[in-house]
Number of protein chains: 2
Amino acid sequence: MRTGVDGRAKDHSDRLPAEDSGPGPSSGEDRLLRRILDVLPSLETAAGEGIPRLILGPGDDAAALAWPGGGALLLTTDASEEGVHFDRRLHPPRAIGRRAVAAAVSDIAAMGGRPAGTLISLVAPPSEETAAVRISEAAAERARELGAPLVGGNITAGKRLGLHVTVAGTSPAEAPLLRRSGAKPGDALFVTGKLGGAALGLSLLRGRREGATASFTPEEDALVARHLDPAPRLEAGAALAGAAHAGMDISDGLALDLHRLAAASGVGALVEASRVPLAGPGARGLDAALFGGEDYELLLAGPQTRVRAVAAAAEIPVFPVGRVTGVGEGVRLRRAKGPTEPLPPRGWDSWTAARWPPEAR
Amino acid sequence: MRTGVDGRAKDHSDRLPAEDSGPGPSSGEDRLLRRILDVLPSLETAAGEGIPRLILGPGDDAAALAWPGGGALLLTTDASEEGVHFDRRLHPPRAIGRRAVAAAVSDIAAMGGRPAGTLISLVAPPSEETAAVRISEAAAERARELGAPLVGGNITAGKRLGLHVTVAGTSPAEAPLLRRSGAKPGDALFVTGKLGGAALGLSLLRGRREGATASFTPEEDALVARHLDPAPRLEAGAALAGAAHAGMDISDGLALDLHRLAAASGVGALVEASRVPLAGPGARGLDAALFGGEDYELLLAGPQTRVRAVAAAAEIPVFPVGRVTGVGEGVRLRRAKGPTEPLPPRGWDSWTAARWPPEAR
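Presented here is a report on the structure given in the accompanying data block. The structure presented is a predicted model; accordingly, all values stated were derived computationally and were not measured.

Quick notes on the side chain of Arg260(A)
All names here are of chain A. Relative to the assigned elements, Arg 260 resides in helix H7 (residues 254-265). For Arg 260, a relative accessible area of 0% corresponds to the buried category. Polar contacts involving the side chain of Arg 260 include one to the side chain of Asp 252, which spans 2.7 Å. Here the side chain of Arg 260 touches Asp 257 through a polar contact of 2.7 Å, side chain to side chain.

Digging into the pattern of salt bridges
Pairing between side chains becomes possible if they bear opposite charge and their charged atoms approach one another. Residue and element names in this part refer to chain A. This model, assessed by the stated rule, comprises 42 salt bridges over all chains. Between Arg 98 and Glu 145 there is a salt bridge, with its nearest N and O atoms 2.9 Å apart. Linking Arg 98 in helix H2 (residues 93-109) with Glu 145 in helix H3 (residues 129-145), this pair joins segments that are 47 residues apart in sequence. The buried category is assigned to Arg 98, whose relative accessible area is 7%.

A word on the relation of the copies chain A and chain B
Taken as rigid bodies, chain A and chain B are interconverted by a rotation of 180 degrees and an axial shift of 0.0 Å, the fit giving an RMSD of 0.0 Å. Taken together, the rotation and translation relating the two chain copies correspond to the operation of a two-fold axis. Looking at the rotation axis and the C-alpha trace of chain A, the residue lying nearest is Gly69(A), at 2.1 Å. Of all interface residues in chain A, 100% are interface residues in chain B too; the two copies therefore contact each other through one and the same surface.

Comments concerning the pairing of strand S6 (residues 162-171) of chain A
Residues and elements named next belong to chain A. The element S6 is extensively covered by neighbouring structure, given that ten of its ten residues are classed as buried. Sheet analysis places strand S3 (residues 72-81) next to S6, joined by ten bridges and oriented antiparallel. When the sheet's bridge partners are listed, Leu 74 is paired in S6 with Gly 169. Bridge count between strand S4 (residues 114-124) and S6: nine bridges; the pairing is antiparallel.

Details of helix H3 (residues 129-145) of chain B
Residues and elements named next belong to chain B. Helix length check: H3 (17 residues) gives 24 Å between terminal C-alpha atoms against 24 Å at 1.5 Å per residue, within 8%. Restricting attention to buried positions, one finds in H3 the residues Glu 129, Ala 131, Ala 132, Val 133, Ile 135, Ser 136, Ala 138, Ala 139, Ala 140, Arg 142 and Ala 143. In the segment just after H3, Gly 147 is the residue with positive phi, at about 80 degrees.

Section: the packing of helix H7 (residues 254-265) of chain B against helix H8 (residues 282-291) of chain B
Pairs of packed helices are described in terms of their axes, by the angle between the two and the distance that separates them. Close contact between H7(B) and H8(B) brings their axes to 5 Å; oriented N to C, the two are set at 35 degrees. In this structure, H7(B) uses Leu254(B), Ala255(B) and Leu256(B) to contact H8(B), whose residues at the interface are Ala289(B), Leu290(B) and Phe291(B).

Let's talk about the interface of chain A and chain B
Of the residues lining the interface, 78 residues belong to chain A; the matching set on chain B comes to 78 residues. With both chains or domains summed, chain A and chain B bury close to 6300 Å², and 67% of this area falls on carbon and sulfur atoms. Of all residues in chain A, the largest losses of buried area upon contact with chain B belong to Trp67(A), Glu129(A) and Ile155(A), amounting jointly to 11% of the total for that side. Between chain A and chain B we count four salt bridges in total. The salt bridge partner of Glu129(B) is Arg31(A), with a shortest N-O separation of 3.1 Å.

What to know about the packing of H2(A) against H3(A)
Residue and element names in this part refer to chain A. One can describe the packing of H2 onto H3 by two numbers: an axis separation of 7 Å at closest approach and a directional angle of 40 degrees. It follows from the interaxial angle that H2 and H3 lie oblique. Taken as a pair, H2 and H3 cross one another with a handedness that is right-handed. Contact residues: H2 offers Pro 93, Arg 94, Ile 96, Gly 97, Arg 98, Val 101 and Ala 102, while H3 offers Ala 131, Arg 134, Ile 135, Ala 138, Ala 139, Glu 141, Arg 142, Ala 143 and Glu 145. Residues that form the contact of H2 with H3 fall into these classes: nine nonpolar, one polar and six charged.

Reading the values: rules and limits
Position numbers for residues start from 1 in each chain and track the written sequence from start to end. Each chain is given a letter, starting from A, and each ligand a number, starting from 1, according to the order in which they appear as written. Where local features are concerned, this predicted model is filtered to residues with pLDDT of at least 70; where side-chain atom pairs are given and counted, the filter is 80 or more; whole-chain, interface and lining totals use all residues. Side-chain calculation: all heavy atoms of the structure are included, whereas hydrogens and water are not. Each helix is a run of H or I in the DSSP string that is no shorter than four residues. Each strand is a run of E no shorter than two, and both are numbered from the N terminus. Three exposure classes are used, based on accessible area relative to the maximum for each residue type with a 1.4 Å probe and protein chains only: buried under 20%, partly exposed in between, and exposed over 50%. The definition of a polar contact used here is a pair of N or O atoms within 3.5 Å, where within protein one atom must be able to donate a hydrogen and the other to accept one, and adjacent residues in sequence count solely through side-chain atom pairs. Salt bridges are defined as contacts in which a side-chain nitrogen from Lys or Arg sits within 4 Å of a carboxyl oxygen from Asp or Glu. Overlaid copies result from least-squares superposition on C-alpha atoms, with residues included only where pLDDT is at least 70 in both. The contact criterion used is simple: two residues touch if any of their non-hydrogen atoms lie within 4.5 Å. Each pair of strands is called paired provided DSSP finds at least two bridges between the two strands. Between the first and last residue of a helix there are one fewer steps than residues, each counted as 1.5 Å, and that sum is the expected span. Think of each axis as a best-fit line through the C-alpha atoms, taken over the contacting stretch in the case of a helix, with angles from 0 to 180 degrees between the N-to-C directions. Buried area, as used here, totals the accessible surface that two parts lose on assembly, with accessibility defined by a 1.4 Å probe and the loss added over both. Roughly parallel means an angle under 35 degrees; roughly antiparallel means over 145; roughly perpendicular covers 65 to 115; every other angle is labelled oblique. We call a crossing left-handed when the near helix sits turned anticlockwise from the far one by less than a right angle, and right-handed when that turn is clockwise. Three classes are used, and their members are as follows: Ala, Val, Leu, Ile, Met, Phe, Trp, Tyr, Cys and Pro are nonpolar, Asp, Glu, Lys and Arg are charged, and the others, Gly among them, are polar.

Below, the structure is given as structure tokens:
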């Protein structure tokens, strides 16, 4: 889930991030999720004959239940709301459906799992029936492409369009789950591709709407496609789940998601700005990579040599972007050869987006 | 799903309901779902090693995937939108959370399955954080009570409150699924409890808000509780899945849901009004039972003697309300000893509800 937080993190309650790392993963969504997690009943489930046992509850990219016959069932849900996650003037129905499904499937990739089936719950004003049909069609098409065919759904009337996507996935019995917790000081940090493209693409779409440009260059088209039609890293997740100590998908920007991984693992982290693969040049490109979100590349922490070797064998690109440090060091960024600075836990946050007018997102 | 339709019903395309049964299950939701089903890619999934095979796709109460290790995974999703499914002036956050979870779990009951885990996707305006926490807490509490603990979720900002609930359930390898299709002419029709209580309870709540009454009698309190805190019939579904030929939950009223079951099975049906167990007296009580919805009792079709015997052995109440007829006879109602009349496919429909002002629902 793009808004997943680091759970109640019982293991790490004595190892909170140091003051200088900023307030921890503290987007509006994270803060509210923490309030909710605090009031939930505990999750020690009564395992019984034929009843799946909980392996991993709220707080990671997907929940995991041990299936009695072997393997794990992965479950994740994600939302896409009009005026928050999409704007009808920028996003055609096809993009709304395809993006929402890709974002949810990315949570399965982030666990190292394989998607198996998709459910959608669609909200649409009665006047928007045609858009609802197109969105559903696009969602089903993308789900099918990603190996998670649409198996069911629900539709209800509402004031604005909204698409909620649930994906069920599997993880074979012998395969380890890729969790947010488990990163160790000394681990290398990797990402699986260029970052910032989706945010730069959105910016281009907004510019075109405001008349800044009539048409895009092929390079710009590629950035727009990163935003409108993202690709979850299923192969990377499945191949690297056993090699990495921890991982997640980068849905809300490297900065905010790295804060989440660090908090879940009880560690600090250092990002070398010069090593982050950027979709766009300069300070603007770095900003988009750190704080833009919606790239859906994976963020991995693990032993440098082993992760590189497994990635090479599977022909999966990985880019080292920094290293895991002790929790006391916080989450930091080195912009050049000089000293490091705190990397703020800032990124894509629906709580912030919803306060803006729709055109701001 | 409360809005489930009868799928593409390939088996029955040559046996459409007769004209006199009305236009078939034709709520706004059904009509739109049919448009969507028409454009979806086909669902013949490539079964592969470790990949669940689809048993039952869109169109029943829940989807079913054959789990490689044995048994079936059931998946269903349901939505509850402010101004459509609930009204903040009538429904406290606790009721919003509990109702939405019970409605989704009811779809698992309707398949004869056992719930295993729940995901929620919550939409809330940033100004409604406290309500969001209370709704989540209530949803988690109800999920736990029903054996489907909350294992994950998502929260996002939006203009109005909305709660989307996905429930994963299981069906043991040896257990048959309770489907909407399969009813045969000559089968008896049963319901598992009194109908109309939820609609009458909602009506009482509205009356109190308008100052019609200051307090409720114990009988009225029970009706209000049927609306605010419904109970899915998990035991009934599990016990009777093997005895009945077809079944579903009554989420949108006996009339509309019976039309759906009849269409999925390619049959007609006759309801004897005098035999429908009513939560309230008189014509108003019958109207609430036929067209009110949200009762979440089960509707079953099967051999009279066998269903009664299995129900008695499991100590589950069942009430015969009519019988399955040939498709040419349509879906009909006998109000007294006299002639029968068409039973219109009318019931709870978000498409209608959303056109009303919020206080009308």
